[in-house]
Amino acid sequence: YIGIISFALSGFLIAVHKKFDILGVVVIASVTALGGGILRDVISNTTPHIFTSYIPILLVIFTVLFAVIFKLHKIDNLEGKSFFVLSDTLGLVSFAISGAISGLDVNFNFFGVLLLAMLTATGGGTIRDALLGRTPTIFVSDFYAIIALMCATSVYVLDYFDQLTIFHILILFAVGVVIRLIAYYRKWRLPKLS
């Protein structure tokens with residue numbers, strides 16, 4: 001739920017920044033928040049959670065309403081705002097961890113857990129960027145997908161040593177958030193071929 005709310009908020013901010021109407025804002029917020037989870041469930045051969053529960057879509061709607069009521073659409077210079085970066089970071093890390101756990105639940109191997117975590121964490125944002133005609137963030141941003149892979153690897157190792165407890169998950173979540181924020185503000189980048 002942390003991931004849904006966080007990504008709905010980041011999708012809302014991007015859609016408002018692009019001057020979309022209210023339907024466009026809700027669609028972009030929904031795609032950003034729910035797209036990765038739908039990909040995760042389809043690959044895991046399970047019914048997508050949003051088709052069996054109203055909670056995910058209600059979270060998106062309430063997040064959009066909250067954002068409108070508190071006038072978050074007045075934020076300018078979106079990409080440099082700490083609020084946007086924090087929201088996006090919380091979504092990234094929480095979905096990476098939940099995606100990795102989902103991979104373990106369906107007995108995926110290490111590669112499957114990594115892939116599922118990365119798709120869960122970045123899938124919604126990638127679909128959003130494609131709809132907006134932007135280069136997907138995972139291809140150009142600061143360690144974005146790497147954070148998801150690091151979280152997934154940690155989940156896999158913790159499970160291997162039978163240490164996948166709520167305590168360790170919370171520590172992993174906090175460490176993932178800190179590393180992502182450091183990577184963002186220190187402008188860490190993967191090398192590019194020139």
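Structure first, text after, so check above.
Keep in mind it's a predicted model, so treat the numbers as computed, not measured.

**Student:** Mind showing me how you'd approach the packing of aromatic side chains here?
**Tutor:** Between two aromatic rings, the relevant description is the distance of the centres plus the angle of the planes. In this structure the tally under the stated criterion is six aromatic pairs. Here Phe-7 and Phe-95 contribute two aromatic rings whose centre-to-centre distance is 5.5 Å and whose plane-to-plane angle is 35 degrees, an arrangement assigned as tilted. Linking Phe-7 in helix α1 (residues 2-17) with Phe-95 in helix α4 (residues 82-105), this pair joins segments that are 88 residues apart in sequence. A centroid spacing of 5.0 Å and a plane angle of 85 degrees characterise the contact between Tyr-184 and Tyr-185, whose relative ring orientation is edge-to-face. Relative accessible area serves as the criterion here: at 44%, Tyr-185 is assigned to the partly exposed category.

**Student:** Please explain the nonpolar core as it appears in this structure.
**Tutor:** A general feature of soluble globular proteins is that nonpolar side chains tend to end up buried together. Counting residues in hydrophobic clusters, the biggest one holds 45 residues, and the most contacted among them are Ile-4, Phe-12, Ala-33, Val-60, Leu-92, Val-93 and Ile-97. Counting residues per element, the ones that place at least two in this core are α1, α2 (22-43), α3 (55-69), α4, α5 (110-132), α7 (144-160) and α8 (166-185). When residues in this core are grouped by element, the largest group, nine residues, is from α4.

**Student:** Which parts of the structure should I look at to understand the pattern of salt bridges?
**Tutor:** Two side chains carrying opposite charge are able to pair once their charged atoms lie near each other. The final tally for this structure, using the stated rule, is four salt bridges. One salt bridge in this structure joins Arg-128 and Asp-129, with 3.0 Å as the shortest N-O distance. Classification of Arg-128 by relative accessible area gives buried; the value is 4%. Residue Arg-134 pairs with Asp-129 through a salt bridge whose shortest N-O separation is 3.4 Å.

**Student:** Would you explain the environment of Thr-122 in this entry?
**Tutor:** Among the secondary structure elements, Thr-122 is positioned in helix α5. Relative accessible area serves as the criterion here: at 5%, Thr-122 is assigned to the buried category. In the structure, Thr-122 is positioned 26 residues away from Ala-148 in sequence and 8.2 Å away in space, judged by C-alpha atoms. Once you skip the residues sitting within four places of it in the chain, Thr-122 turns out to touch Leu-92, Ile-138 and Tyr-144.

**Student:** Where do I start with the side chain of Ser-87 in this structure?
**Tutor:** You can see Ser-87 is positioned in helix α4. On the basis of relative accessibility, which here comes to 5%, the residue Ser-87 falls in the buried class. The contacts of Ser-87, once residues within four sequence positions are left out, are Ser-6, Leu-9 and Ser-10.

**Student:** What's the story with the packing of α4 against α7 in this structure? I'm lost.
**Tutor:** Helix packing for two helices is described by the angle between their axes and how far apart those axes are. Between α4 and α7, whose axes approach to 9 Å, the crossing angle comes to 40 degrees. As summarised for this structure, α4 and α7 are arranged oblique, according to the angle between their axes. Here α4 runs over α7; the crossing is right-handed. Contacts from Asp-88, Leu-92, Val-93, Ala-96, Ile-97, Ala-100, Ile-101 and Leu-104 of α4 reach α7 at Tyr-144, Ile-147, Ala-148, Cys-151, Ala-152, Val-155, Tyr-156 and Asp-159. Of the residues in the contact of α4 with α7, the class split is 14 nonpolar, no polar and two charged.

**Student:** Would you explain α1 in this entry?
**Tutor:** In an α-helix there are 3.6 residues to a turn, and that puts residues three or four apart on one side. Between its first and last C-alpha atoms α1 spans 23 Å; for 16 residues at 1.5 Å apiece the expected length is 22 Å, and the two agree. For α1, a buried count of 12 out of 16 residues is recorded, marking the element as mostly surrounded by other parts of the structure. In the core, the buried residues of α1 are packed alongside α2, α3, α4, α5 and α7. Just beyond α1, the residue with positive phi is Lys-19, at close to 65 degrees.

The rules we used
- Residues numbered from 1 in each chain as written.
- Predicted model: local features only at pLDDT ≥ 70, side-chain atom pairs only at ≥ 80, totals over all residues.
- Heavy atoms only, no water.
- Phe/Tyr/Trp six-rings, centres within 6.5 Å; stacked < 30°, edge-to-face > 60°.
- Helix = DSSP H or I, 4+ residues; strand = E, 2+ residues; numbered from the N terminus.
- Buried < 20%, exposed > 50% of the residue type's maximum accessible area, 1.4 Å probe, protein only.
- Core = buried A, V, L, I, M, F, W, Y, C linked by side-chain atoms within 4.5 Å.
- Salt bridge = Lys/Arg side-chain N within 4 Å of Asp/Glu carboxyl O.
- Contact = heavy atoms within 4.5 Å.
- Axes fitted to C-alpha atoms, helices over the stretch in contact; angles between N-to-C directions.
- Parallel < 35°, antiparallel > 145°, perpendicular 65-115°, else oblique.
- Left-handed = near helix turned anticlockwise from the far one by under 90°.
- Nonpolar A, V, L, I, M, F, W, Y, C, P; charged D, E, K, R; others polar.
- Expected span 1.5 Å × (residues − 1).

In short, the description is geometric, and any link to function would need to be established separately.
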